[in-house]
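Listed here are the chains, written in short residue letters.
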Amino acid sequence: MIHDTIAAISTAVGEGGIAIIRVSGPQAISGISRIFSSKISLNDAESHTVHYGHIVDPSSGEKIEEVLLTLMHGPRSFTAEDVVEINAHGGVIAVKKVLDIVLLQDNIRTAEPGEFTKRAFLNGRIDLMQAEAVIDLIRSKSDRAFSVARKQAEGALSKKIKALRQTVIELLAHIEVNIDYPEHDVEEMTSAYIREQCQLAIGEIDKLLKTANEGKILREGIVTAIVGRPNVGKSSLMNVLTQENKAIVTDIPGTTRDVIEQFVTLNGIPLRLLDTAGIRETSDIVERIGVERSRDAFQDADLILFVLNHNEPLQSDDRQLLQQLEGRSVVAIINKTDLPGHLEMDEVERYVASDRIVRMSVLEERGLDGLEATISEMFFEGQLEANDLTYVSNVRHISLLKRAKGSLEDAIEATYSGIPIDVIQIDARLAWESLGEILGDEAGDSLIDQIFSQFCLGK
Ligand code: GDP
Ligand code: ZN
């Protein structure tokens, strides 16, 4: 049972001028009623009502701030406790002053990061997976990542895990019956049933794991390297993509020395752009080193944007890069199409499939749509639809799903090697527990603390 009341500034994502102070716990209503002056007493107010009034300093009677106050009785609130939300539109200083007065009240203290969400979890209002999704929601950098996190927060993925767990529970129940009533000698049938049921669950787990890669991309961005000879337009491309002038653009080959990293969202797809640009420094010898160095830089990239100059014939560095990029996820960008063409396209097409070649004029900002469509096609096979955004994207969930799968595979194997059924039961039980851990059912306190400590204050 939670006895204390917590408070923090908890301004929602995307909200501008208004700051919300959220207060949750047994003293939320009585505590705030002592510092709130309005027509009615909060203690008599009904749940889910909004009240206009002033926060007053109880020691001086001074009105500190004009506020709108929302009142919710537990369990019909985010934390399942009594909650008061103070909407203040004054500046930072006024809001801070209100919070200070709130925190002077008996039994009201500052909330730890994530503590509101933690309470929602501890009070059974949300499962652990939904709580983690709230973390992702706060952190999500792109629109698409945001909808994935929101979907998850709404419980789409939880629902799938629960269904999976149901399959395993049925299996467990079946095994249990066999252990309790061994005189029903149905050993053979049981083995077949165990295999079938495990296979069913494994199939579902595999489906979820398959989404993990896409989930990772959505959360962390596609690590993208822009490569190509000096002066083909890499920095210009980077600039157009970021719409900021953080990368250096210049006519002098090799000015961009260090790898610059930028996070951009292209048509809802998050890219983490590395500009491995202009590595060449002065002489031809260094140019060769440059190519090697840029190879190092793009080694870890998920996606390589290989820029070529439409206005010049292929050079030996271009050819070398073309060869190095074989087998990688590459988009060849034929840049400077505003100038006359001298590039041997047939040779380029020998290395890069034609649907991975995009013609652009970065200077005139033409061809961006084609680039977006190509990347989108590559990473989501053009199948990503706004209403089908259930992804496993959390490392902890992925490893627990893999663990559950391992246990189920052990169970299947055991049925072939004549291992007693109560040992198989242990495997099934482990699978059930791993799945439960995803939802937080079997989560130990330390795990819960670790997860909630990732929150920002006020959530
Ligand atoms: P990097 O060395 O590959 O990073 O190339 P930069 O981005 O620094 O560009 C080199 C030069 O090419 C600059 O003068 C750019 O303005 C120019 N440039 C870039 N893109 C285009 C384009 O599409 N058309 C033309 N005509 N010039 C371009
Ligand atoms: Zn550059």
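Analysis parameters
- Residues numbered from 1 in each chain as written.
- Chains lettered and ligands numbered in written order.
- Predicted model: local features only at pLDDT ≥ 70, side-chain atom pairs only at ≥ 80, totals over all residues.
- UniProt positions renumbered as here; feature names shortened; annotations may be inferred.
- Helix = DSSP H or I, 4+ residues; strand = E, 2+ residues; numbered from the N terminus.
- Contact = placed C-beta atoms within 7 Å.
- Buried ≥ 20, exposed ≤ 12 C-beta atoms within 10 Å, placed from the backbone.
- Pairing = 2+ DSSP bridges.
- Expected span 1.5 Å × (residues − 1).

- The chain is annotated in an unreviewed UniProt entry as tRNA modification GTPase MnmE from Paenibacillus agaridevorans.
- What UniProt states about the chain under its Sequence similarities (unreviewed entry) heading is, verbatim, "Belongs to the TRAFAC class TrmE-Era-EngA-EngB-Septin-like GTPase superfamily. TrmE GTPase family."
- In its Subunit (unreviewed entry) section, UniProt records this for the chain: "Homodimer. Heterotetramer of two MnmE and two MnmG subunits."

1. As for the overall build of the chain
- The secondary structure content of the chain amounts to 15 helices and 13 strands.
- Summarising the internal contacts of the chain: among those between residues at least 6 apart in sequence, 68% fall at separations of at least 24.

2. Points about the environment of Thr-337
- Looking at where Thr-337 falls in the secondary structure, it is placed in the loop between strand S12 (330–335) and helix H11 (345–351).
- Sequence separation between Thr-337 and Leu-363 is 26 residues, and the spatial gap between their C-alpha atoms is 9.4 Å.
- The residues contacting Thr-337, other than those within four sequence positions of it, are His-310, Arg-359, Met-360 and Ser-361.

3. Overview of the pairing of strand S1 (residues 5–9)
- For S1, the tally of buried residues reaches four of five residues, placing the bulk of the element in the interior.
- Judged from the three bridges that link them, S1 and strand S7 (residues 108–110) form a sheet pairing that is parallel. If you follow Thr-5 over to S7, its bridge partner there is Ile-108.
- In the sheet, S1 pairs with strand S2 (residues 19–24) via four bridges, with the strands oriented antiparallel. Note that in S2 the partner of Ala-7 across the bridge is Val-23.

4. Description of the sheet that holds strand S3 (residues 36–37)
- Spatial ordering of the open sheet is given by S3-S4-S5-S6-S2-S1-S7, a layout of seven strands whose pairing is mixed. What marks the edges here is a single partner per strand, and that holds for S3 and S7.

5. Here's the deal with helix H13 (residues 395–416)
- Compared with an ideal rise of 1.5 Å per residue, which puts 22 residues at 32 Å, H13 spans 32 Å between its outermost C-alpha atoms and is within 8% of the ideal.
- If you check which residues of H13 are buried, you get His-397, Leu-400, Leu-401, Ala-404, Lys-405, Ser-407, Leu-408, Ala-411 and Ala-414.
- One or two residues past the end of H13 sits Gly-418, with phi positive at roughly 60 degrees.

6. Notes on the environment of Asp-206
- Residue placement: Asp-206 occurs in helix H7 (residues 187–220).
- Taking the number of C-beta atoms within 10 Å as the measure of exposure, Asp-206 has 11 and is therefore exposed.

7. What about the UniProt feature "binding site: Mg(2+)" (unreviewed entry) in the chain?
- Mapped onto this structure's residue numbering, the UniProt feature "binding site: Mg(2+)" (unreviewed entry) falls at Ser-235 and Thr-256.
- Within the secondary structure layout, Ser-235 lies in helix H8 (residues 234–242).
- Judged by local crowding, Ser-235 falls into the buried class, with 25 C-beta atoms found within 10 Å.

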